[in-house]
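Coordinate analysis (summary)
Here is what each chain is made of, one letter per residue.
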Amino acid sequence: MPAATAASPWYKHLWPWIIIGILTTSVCLSLTMVSIAVHNPDNLVNDNYYEAGKGINRSLDRELLAQTLKLKASVHLDELTGEVAVRLNGDSDPQGLELNLISPTQPDKDRKVLLSRVEAGRYVGQLQDQVEGRRFVELLGNQDGQVWRLFEEEKVEHGVTLQLGDEALQGAEHQQ
């Protein structure tokens, strides 16, 4: 193609096509982003901040109760059989426990396991599928009609035993 001169029509020049290409690309990418935003709404936003704040205080009360009872737990997930074994140490020995493995960003990956007491301080349950990655691990139990909670952020991996209750309780310094 011969070089365009100043007298030739606009469509024979390179720069108008580069500008049109940049504008077309930006419009296509913008429409793609709008489509992604519409089809995948953010479900992590909470409209009722007051109730969420009250829930945080209730949660801290449950964690303070676990701290008062000197509770510590080791959680082992068997990736082959799906068995969940929990060894609970402290001043509480309920009939059953509830273990929640909560994904920070994907609610569909949350898992709940009900654990039955096998012997004093030892609980067993069954997990339906494998869980890996970063999770909030929540262990709930009852003591004299009050619910206690051990809650920590852990990285769940094959063959790793998770330790709950070994970290200092954050955010409850003013309540003790």
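Here, the structure is the one placed above.
Everything in this summary refers to the structure shown in the same document. (Residues numbered from 1 in each chain as written. Predicted model: local features only at pLDDT ≥ 70, side-chain atom pairs only at ≥ 80, totals over all residues. Heavy atoms only, no water.)

**A look at the overall build of the protein**
The number of helices and strands found in the protein is two helices and eight strands. Put simply, the protein runs from its N terminus to its C terminus through helices and strands in the order α-α-β-β-β-β-β-β-β-β. Split into buried and exposed, the 176 residues of the protein put 29% on the buried side. The contacts of the protein with a sequence gap of at least 6 include a subset with a gap of at least 24, amounting to 53%. Total accessible area on the protein stands at roughly 11900 Å², and carbon and sulfur atoms take up 56% of it. (Helix = DSSP H or I, 4+ residues; strand = E, 2+ residues; numbered from the N terminus. Buried < 20%, exposed > 50% of the residue type's maximum accessible area, 1.4 Å probe, protein only. Contact = heavy atoms within 4.5 Å. Areas by Shrake-Rupley, 256 points an atom, 1.4 Å probe, with all protein chains shown as cover.)

**Overview of the pattern of salt bridges**
Scanning all chains against the criterion turns up eight salt bridges. In this structure, the salt-bridge partner of Lys 155 is Glu 157, at a minimum N-O distance of 3.9 Å. You can call Glu 157 partly exposed: its relative accessible area is 39%. Salt bridges sharing partners connect three or more residues here, namely Glu 63, Glu 138 and Arg 149. (Salt bridge = Lys/Arg side-chain N within 4 Å of Asp/Glu carboxyl O.)

**So, the packing of aromatic side chains**
Evaluated as defined, the whole model comprises three aromatic pairs. With centroids separated by 6.0 Å and ring planes inclined at 85°, the aromatic side chains of Trp 10 and Tyr 11 adopt a geometry described as edge-to-face. Assessed through its relative accessible area of 45%, Tyr 11 is described here as partly exposed. An aromatic cluster is present here, built from Trp 10, Tyr 11 and Trp 17 joined pairwise through their rings. Lying over the aromatic face of Phe 151, Arg 149 brings its terminal NZ or CZ to 4.1 Å of the ring centre. (Phe/Tyr/Trp six-rings, centres within 6.5 Å; stacked < 30°, edge-to-face > 60°. Lys NZ or Arg CZ within 6 Å of the ring centre and 35° of its normal.)

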